[in-house]
Every structure is written in C-alpha cells, then in structure tokens.
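Structural overview
One letter stands for each residue in the lines below.
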Amino acid sequence: MGVPRLEAASRALTRPVHRVGAALAAVVVLLVVAAAALHSVRPPAARGAGAPAAEFSAGRAFQQIQAIAAEPHVAGSAPADAVRGHLLTTLRGLGLDPEVQETVSVQGGELSASAGGIGLARVRNVVTLLPGTAPTGRIFLVAHYDSAQTSPGGNDDGSGTAAILETARALATGPRLRNDVVLVLTDAEEACVCGAQAFVDQHPLARGGGIVLNLEARGSTGPAIMFETAAGNARLTGVYAGAPKPVGTSFAVEVYRLLPNDTDFTPFREAGFTGFNSAYIDGAAVYHSPGDTPAALDRDSLQHLGANALALTRDLGGRDLPALRSDGDATYFPVPGGLAVYPGTLTWPLAALALVAVLALGWLARRRGLVTGGRLAGGFVLAVLPLLATPVAAQLLWAMLKLIRPGYAEQLIDPYRPFWYRLAIGALTATIVFAWYALLRRRLSPAALAFGGLGWLAVLGLALAALAPGGSYLAALPALAGALTGIAAVLLRGWWSVLVVTLGAAIAVVVLLPTTVMFFPALGLALGGSGALIATLLALALLPVVDLLHPEAGGQRAMVAARARRRGAAPALAAALTAVACIGAGLTVDRFDAAHPAPTHLMYALDTDTGQARWLSAESKPQRWTAQYVSGDRAPVTDTLPAFGPEELLAGPAQPVQLPAPTLTPSADTTTGDLRTVTFRLTPRRPVRLITLHVNAEATVTAATVSGREVPTDRTAGGPWGFGFVFHAPPPDGIEVTLTVPARTPLRLRAMDASDGLATVPGFRARPPEVGVLGSHSSEMLAVAHTYTL
C-alpha cells in the first residue's frame, strides 16, 4: 500500500488536531523552562552585615571595599601603600600573621607587550598562611589589591580582595581545616601580572603547587562565572559542582584560551597549579574607569563570588588534594538546580551519536512520506543561511549604533545599559529565522527544515569536538535531543508528538539559553555576533515547536491559503517590530550623562631631544572633546615612544612643559672580545608610575639584567628599536641595568617615564561632566622621553 502524499507545508513532525492549543501549551512549557534556565545563572541575594558569623556576608565584605576602593591605588603609589596597610591591619585583627613579599618580578602585560613583551615590576604581595591540621596540600585564595591608574577598583579587584578578607574572617570562626590555606593578595596585576608571577617563582609557599581559587571582576554585576580551569580538571570540576551556586561552562574555557587576556591565574596555571578562575563580568562599561567605585558594585554578585569561594575552600580544606588530579577534562554547563558535568571522554561519542540520530530522523521522515531526499538536502543546505545572516545582522546593528552614538566606539565591550540592545539582537535573530522558515516552509516542508537545522547542529558538534571539545555539547546535545524526540514524534503523532518535540526543545533551552545569556556580556556588543550565533543554534533546535505557530496548509483554497501565509508571516513581523522597539528603547535609556560619561582617551608625550610635545589619543576617531587636541590622522609613534610598539595613534601639537626626563648614569663599561657589557642606573626625576628603556635595533642585546633579574632578549619592540622593557612601580632611586651588546656597534638608549594626570599640562581643559576617561592603561598618561648615546 503506498504512502499518501501530503502538501509540503503539512509534512511536519507533529500534526495535532488542536493546533492552536498545542502551540500555546508548548510555548508556555518552554517559557517556564526558560525562566528556570535563566535563574540558574542569576547570582543569589546578598546577605547583610548581620548574617551568621560562619557565613559569607556581602554586607561585611562591602565595608572592606569601601576602605580599599576609596581612590585609585596603582602599584607603587601612596594610595596602594595605604590599601596594603589596611589589609595587614585587618588580617592581624583576625589573629593571623600576614607577611609582605617585596621583590622584583618579570612578566608581560598590556603596555609591556608593546615593548617587546617584557615587563617588570617592584611588587609587594600580602601573603598569609592558615596552617592545616594534617595537610595533604595547599589551597591558594588569590586576588589583586592594586587598581588601574584611572580607577578606584571597587569591582576590579576590590571585590575579590574583600571576598578573601571576609572568607578569612568566616574561616577563623570555625575549627582549622585539614589542608593549608594561603591567602595571596597580589600587587601589580594591572601592570603585568607581576605580583602573581613573583609569588609563583620566588615564594616558598608556592613550592609543590596546589589548588588556586582566583577571584576577579571585569564588570559590576552578573553571576560569578567560573570561566577558566587548568588541564586535567575532571575530578576538580565535580567539586565545583557542589558549590552553593555553581555557574560555569567548559565552552568559556575554550574561548578564553583564544583571547589575549591574562589574570593572576595565568602564572599559577603555567607553573602546574590547578584550580578555578572566577569573575563576574556584566556591567563592563565601568571596567578600569573612574566609574568603578564601590557604589557601582552589585552586592548580589559579590555574595555569589564570595559564598562560592568560602564553600569551596571548606570543601577542599577537608579533602585529599592529590586525589583530585586527573588526566582528562570535564564538560560542564549550568542547568536548573546546579551544574551538569560529564567526562570529556564522552565528547566524541555524543557528537557522533547526534549525527547518527539526525540521519536516522531524515531516513524515517523520508520513509513516512514526510519529505523527499532532495528536500532533505535542500533543507540542510539552506539552513546555513540564518547561521550566516544573524551574526552579520548583529554586527551591522552595532555599527549603526556607533554611527548614532559615536561614543560607543570607545566602549570596547558594552555600553552602560546594554539590556535593550541585547534584546534587539535576540529579536533580530528571531526575525531572520522566522522569516527564513516562513519563506521555505511551503516549498521544502517543515520536516526538511527541521532536519536541516538539526543537521547543522550535529555537524557543529563534531567540529567543536575536534577544535574546542569543551564546547561540543552546545550543538551535539540539542541535536541529539531534537533528533530522538523528532523520531518519537514521527512514530507517535497527535498530542504525544507535541509532547516529545516540546521535550526536545526544552533540553535545547536548558543547554543553550544560559550560554547565550553569558556570552553577551563576555564578548560584548562589539562582538554581538557571537551571542547571535548561539541564539540561532537555539532557534534552529526549536523549529518543530516554531512550526506549531504556523497553520496547517494542506488542501486549502486560495483565499484561505493566503490568510495562512499571512499568519505564517506574523512571527517574523512581530519579532521585527520587537527589534525596532528594543533599539529605540536602548537609544532612549542609554544616554551619556554625568553618571554615565562618554569615554575619551588622551595622553601627553614630551620628547626632550627636540623639545617637541604632542597630544596623543588611541580613539578610533576623535570625539568632539578629543578633537580639540588631536586630528583624525593616525601615525606611528615608535620613533619617539617605542614602548607603544607599532601602534598608530591620533596626534596633535602640544605646548612643551618643563619636565625632566629620566637620567641614565653609567657605572661600568667593559669589552671582552666582540662583546661589550655596560651597566648603568636609570632614575626617574619625578614621581612616576613606570619607566621604560629601549635599545637601537642595530645593537643586538645578547644578555640583560634589570634590578638583579635576568630578562629575555629575544623579543623586540619593532621599528628602529630592538630590545626593550617596561618597569612598573620603580623605586625613587632608580633601577640598575646591565646590557651585553656587540662591541663595535653604536649604542643608543631611549628612556621614558610616565606619570598620571594631565590637569597641570598647559592647554589642557577639564572635561565637562558628560565626558569621561576611557579605562585604558595609557589614559591620562604624561610621558617624557630622552635618548642617550653610550
């Protein structure tokens, strides 16, 4: 007996009798599931200062932040000294015995990377040991107490520092733990991660490694996300899953490894330590800016960061720590009620099973007469269109917003209030997917389009298994769930078919929605296409349910069919109108004002060789305020400021000021064979944040020592300059440098130092209230450079 042929639009995985009721029921179920999924990545409510002594209290920790983040406290500054004094007093008040590790460390950093990747700093870490009763290892609680030079550091990293102080207080109320706990409050993280590097390289307590809990913030609100672990994390991730509210995804680890970012966790991980790197990251507009005050901090986020840290410390404090080492990694992601964790060894089997299940769905749909082989192929090929179109649309939206609000161009992550813009990207994604589905549904059939969407999910699951195993679950699990429930729907039909496809859609919502929500603040609207892509994966997984919003079209008369087509277009139209409304709401709500100033970048550079001075800016285009200092033409500054490497900046003439350049005083100069070794002292003659030195490219440096530390010589700044370094927080009496170079090559040395603040520079005009300072390590820098010939 032949299989009856159906109209293309009727060849769906589900054909309920009461279509409207089925659609309504499925949508309600998915909304409930979505609410639960979103709740899984919300921070818990903050506990007040009156919380029980053994518990973590954001209220008590916030009092510490108010003391720590009263003003910017960059490494080496007097305010940093005051913060360090407060930390020592607080820890001693808990009956602990903190010490200050004062040393010089070699690492890299944002400005140092331009200088050839060599950065040094004089650091003063605050280190405290809480000895265990019978230790099997050590747990290290790490946060940095310094701030960027433009920021009070209320969130970054006043929150992490205060969370550790409050954790130490809570631990002191109970019995000692089995394992040692070491509090490491580092210095000069913002400069070059040099404090953490100094501890790892030089402190006796770092010998033997251990488990690190690094606490950070790259914003002012949102959940505390565990976004990085070390390799071999399978067993340790199981411990993290037992935290009061674990939020993290193994895909974040894969993405973070691709980004040029470092935290204090980096030196520990590279030295063989294991552990967790956690931070809250939403509200990034205040990052490194003057707006990062205690008042900007969300206490719920602080509660989440600290409560998890305290619980994990207590848990790890009683375990056999060596037993937590494992060879493999885990795959993990948030689900309602906790964290789903499974071994990374299942990544490939699940990805392969998803592909097999999707192929089986296609075979069954064809066997049942729901679709032809050609339409299956067409559905798969055409399903790539929304995957390509939605990221492009998101990036075009951001480009349009920057044209409307030029100040957005300098907000490298997010505007102050990005909520409506994120919703707009979600609505744009829905518009594209709904319109694509409505246009092709009658031509190819719902079954073909569902197969195509799940097919791409399965293919991406395999691709991620090869390239980023921790992220394969994002595509493989929804594809597997969608294919299996699709098979069940074809076999069951009626209301049972609606039930099972809704189940498959619910699994996709649980897997993909929290990651979508986390990715928008992680990469920001500047890379909003990444969030749009994940949202598109979710939309493709929901196609069997989306089809319920469309009328069944088989055998309809022309007039009725026309009404059906209009009804089918309704979801896309509604999504488009929502996108427009959200964009309008965002532009209305997110305006620059005194509380949310437009970020601007400006610095001043004086070349004492020529007596010429310049205003410089790293803005993409000069904003109205900045345009009074610089023009729209970008130019390299390597010739005079090699510390900035090949970067091109906006420039404009400035009035020279009478400021002294650092002095270079030779103390030894010897020649042995073809090599010349020179020793000299480089001394700033004014209070400065950093000092740099660069050697002419012809004089190849074969060995270098700075303040008694050997530094690598195989990296160069580029242009006319070769070897170079940046030294942060230099002592007032300067630093001693020894270089070995070819004996017969002229030796030219370019020395520069930099302080912060432009208010005393002639020609500088104070910013109006609605104009602010960009959170950059070179904002408000006043640099003075001179060339010496030896």
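Values in this document were obtained by computation on a predicted structure and should not be read as measured data.

1. Comments concerning the overall build of the chain
When its secondary structure is counted, the chain shows 21 helices and 24 strands. Buried residues in the chain amount to 59% of all 790 residues. Long-range contacts, defined as pairs at least 24 residues apart, comprise 81% of the intrachain contacts of the chain with a sequence gap of at least 6. Counting only carbon and sulfur atoms, one obtains 62% of the accessible surface of the chain, whose full area is about 29,700 Å². Distance between charge centroids for the chain: 15 Å, based on 59 positive and 55 negative side chains.

2. Quick word on the pairing of strand E7 (residues 274–280)
Of all the seven residues making up E7, seven are buried; the element is thus mostly covered by neighbouring parts of the structure. Going residue by residue along E7, you find Thr274, Phe276, Ser278 and Tyr280 tucked away on one face and Gly275, Asn277 and Ala279 tucked away on the opposite face as well. Bridge count for strand E5 (residues 211–217) against E7 is seven bridges, and the pairing is parallel. Along E7, the bridge assignment pairs glutamate 216 with alanine 279.

3. A word on the packing of helix H16 (residues 446–467) against helix H19 (residues 528–541)
Packed helix pairs are characterised by how far apart their axes lie and by the angle those axes make with each other. Axis separation between H16 and H19 bottoms out at 8 Å; the angle between their running directions is 135°. Taken together, the axis directions place H16 and H19 in an arrangement best described as oblique. Here H16 runs over H19; the crossing is left-handed. Only Leu537, Leu540 and Ala541 of H19 make contact with H16, whose side of the interface consists of Gly453, Leu454, Leu457 and Leu460. Looking at the contact of H16 with H19, its residues break down into six nonpolar, one polar and no charged.

4. Description of the sheet that holds strand E16 (residues 675–683)
Taken in spatial order, the five strands of this open sheet run E15-E16-E21-E18-E19, and their pairing is antiparallel. For this open sheet the edge positions go to strand E15 (663–672) and strand E19 (709–710), each flanked by a neighbour on one side alone. Pairing of E16 with strand E21 (residues 735–742) involves eight bridges; the strand directions are antiparallel. In the strand pairing of E21, arginine 676 is matched with valine 741.

5. Comments concerning the layout of surface pockets
Rolled over the atoms, a probe sized like a water molecule indicates the empty space that remains. Its volume calculated, the second largest pocket comes out at about 500 Å³. As for the second largest pocket, its lining consists of 27 residues, and the residues nearest its centre are Val74, Ser77, Val688, Arg689 and Asp756. At the level of elements, helix H3 (78–93) and strand E22 (748–756) are the ones that each hand at least two residues to the lining of the second largest pocket. A breakdown of the residues in the lining of the second largest pocket according to their chemical character gives 15 nonpolar, seven polar and five charged.

6. Digging into the nonpolar core
Nonpolar side chains tend toward joint burial in soluble globular proteins. Counting residues in each nonpolar core, the largest one holds 79 residues, and the members touching the most others are Trp436, Tyr473 and Val509. Counting residues per element, this core draws most heavily on helix H18 (residues 494–523), which supplies 13 residues. Phe56, Ala58, Leu91 and Ala143 belong to the second-largest nonpolar core, a separate cluster that totals 55 residues.

7. Here's the deal with the side chain of arginine 750
Along the chain, arginine 750 turns up in strand E22. Looking at arginine 750, its side chain comes within polar contact range of the side chain of aspartate 609, at 2.7 Å. A polar contact of 2.7 Å, which involves the side chain of arginine 750, links it to the side chain of threonine 787. Leaving out residues up to four positions away in the same chain, arginine 750 has contacts with Asp607, Asp609, Asp639, Thr640, Pro642, Thr692, Leu693, His694, Trp721, Ala785, His786 and Thr787.

8. Side note on helix H9 (residues 250–258)
The element H9 is extensively covered by neighbouring structure, given that seven of its nine residues are classed as buried. Among all positions in H9, only Ser250, Phe251, Ala252, Val253, Glu254, Val255 and Tyr256 are buried. In the core, the buried residues of H9 are packed alongside strand E6 (225–229), strand E8 (330–335), H16, helix H17 (473–492), H18 and H19. Measuring from the backbone nitrogen of phenylalanine 251 back to the side-chain oxygen at the start of H9 gives 3.0 Å, which picks out threonine 249 as the cap.

9. With respect to unusual backbone geometry
Between aspartate 156 and aspartate 157 the backbone carries a cis peptide bond, its omega angle lying at 0°. In this fold, aspartate 157 is placed in the loop between strand E3 (138–144) and helix H5 (158–172). With a phi angle near 60°, alanine 188 is a residue other than glycine that sits in the positive phi range. The topology assignment puts alanine 188 in the loop between strand E4 (180–186) and helix H6 (189–192). Located in the positive-phi region is serine 445, a residue other than glycine, with phi close to 100°. Assignment of secondary structure puts serine 445 in the loop between helix H15 (419–444) and H16. Under the relative-accessibility criterion, serine 445 is labelled buried at 0%.

10. As for the state of the cysteines
Across all of its chains, the model carries one disulfide by this definition. One disulfide bridge connects cysteine 192 with cysteine 194, the sulfur atoms lying 2.0 Å from each other. Residues cysteine 192 and cysteine 194 are joined through a disulfide that is left-handed, its torsion about the S-S bond being -125°. Just as cysteine 192 is buried, cysteine 194 falls in that class too.

11. What to know about a nonpolar patch on the surface
A contiguous nonpolar patch, built from Phe419, Trp420, Leu423 and Val589 and spanning about 350 Å² of accessible area, is present on the exposed surface. No other element matches H15, which puts three residues into the nonpolar patch. Note on placement: valine 589 falls in helix H21 (residues 558–589).

12. Description of the packing of aromatic side chains
Under the counting rule described, the total for this entry stands at 23 aromatic pairs. Through pairs of rings, three or more aromatic residues link up here, namely Trp398, Tyr408, Tyr416, Tyr421 and Phe592. Directly above the ring of phenylalanine 62 sits arginine 299, whose terminal nitrogen or CZ lies 3.8 Å from the centroid.

13. Quick look at helix H13 (residues 373–382)
Those residues of H13 lying buried are Leu376, Gly378 and Gly379. Along H13, the residues classed as buried sweep out an arc of 165° about the axis, all on the same side. Counted as exposed and oriented over 90 degrees from the buried face of H13: Gly374 and Val381. On the buried face of H13, the contacting elements are helix H12 (347–367), H15 and H16.

14. Some points on the pattern of salt bridges
Inspection of the entire model under this criterion finds 21 salt bridges. A salt bridge links aspartate 81 to arginine 84; the nearest nitrogen and oxygen atoms lie 2.6 Å apart. Taken together, the residues span about one helical turn, with aspartate 81 and arginine 84 both in helix H3 at a distance of three residues. Classification of arginine 84 as buried rests on a relative accessible area of 10%. Linking aspartate 180 and arginine 138 is a salt bridge whose minimum nitrogen-to-oxygen distance equals 3.3 Å.

15. A closer look at the packing of H17 against H18
Interaxial distance between H17 and H18 falls to 7 Å at its minimum, and their mutual angle equals 175°. The pairing of H17 with H18 is recorded here as roughly antiparallel in orientation. Seen from H17, the contacting residues are Tyr473, Leu474, Leu477, Pro478, Ala481, Thr485, Ala488, Ala489 and Leu492; seen from H18, they are Gly494, Trp496, Ser497, Val500, Val501, Gly504, Ile507, Ala508, Val511, Leu512 and Thr515.

16. Describing the confidence of the model for the chain
In this model, the chain carries a mean pLDDT of 93, and residues with pLDDT of at least 70 account for 95%. Taken together, the stretch residues 1–7 has pLDDT below 50 and engages in 10 contacts with residues farther than four places along the chain or on a different chain.

17. Structural notes on the pairing of E22
Where burial is concerned, most of E22 is hidden: seven out of the nine residues are buried. Two elements, strand E17 (residues 690–696) and E22, share six bridges in a ladder whose sense is antiparallel. For threonine 692, the partnering residue across the bridge sits in E22 and is methionine 752. As judged from the nine bridges shared by E22 and strand E24 (residues 781–789), these two strands associate in the antiparallel manner. By the bridge assignment, methionine 752 is partnered in E24 with alanine 785.

Criteria and cut-off values
- Residues numbered from 1 in each chain as written.
- Predicted model: local features only at pLDDT ≥ 70, side-chain atom pairs only at ≥ 80, totals over all residues.
- Heavy atoms only, no water.
- Helix = DSSP H or I, 4+ residues; strand = E, 2+ residues; numbered from the N terminus.
- Buried < 20%, exposed > 50% of the residue type's maximum accessible area, 1.4 Å probe, protein only.
- Contact = heavy atoms within 4.5 Å.
- Areas by Shrake-Rupley, 256 points an atom, 1.4 Å probe, with all protein chains shown as cover.
- Lys, Arg positive; Asp, Glu negative; His and termini not counted.
- Charge placed at Lys NZ, Arg CZ, Asp CG, Glu CD.
- Pairing = 2+ DSSP bridges.
- Axes fitted to C-alpha atoms, helices over the stretch in contact; angles between N-to-C directions.
- Parallel < 35°, antiparallel > 145°, perpendicular 65-115°, else oblique.
- Left-handed = near helix turned anticlockwise from the far one by under 90°.
- Nonpolar A, V, L, I, M, F, W, Y, C, P; charged D, E, K, R; others polar.
- 1 Å grid on protein atoms, 1.4 Å probe; cavity = no way out; pocket = protein on both sides within 12 Å on 5 of 7 lines; lining within 4 Å.
- Points joined across faces, edges and corners; volume = space filled by probe spheres on them.
- Core = buried A, V, L, I, M, F, W, Y, C linked by side-chain atoms within 4.5 Å.
- Polar contact = N/O pair within 3.5 Å; in protein donor to acceptor, adjacent residues only side chain to side chain.
- Disulfide = S-S within 2.5 Å.
- Patch = residues over 30% accessible without salt bridge, like charges linked within 9 Å, V, L, I, M, F, W, Y side chains within 5 Å.
- Salt bridge = Lys/Arg side-chain N within 4 Å of Asp/Glu carboxyl O.
- Phe/Tyr/Trp six-rings, centres within 6.5 Å; stacked < 30°, edge-to-face > 60°.
- Lys NZ or Arg CZ within 6 Å of the ring centre and 35° of its normal.
- Arc of directions from axis to C-beta.
- pLDDT = per-residue confidence, 0-100.

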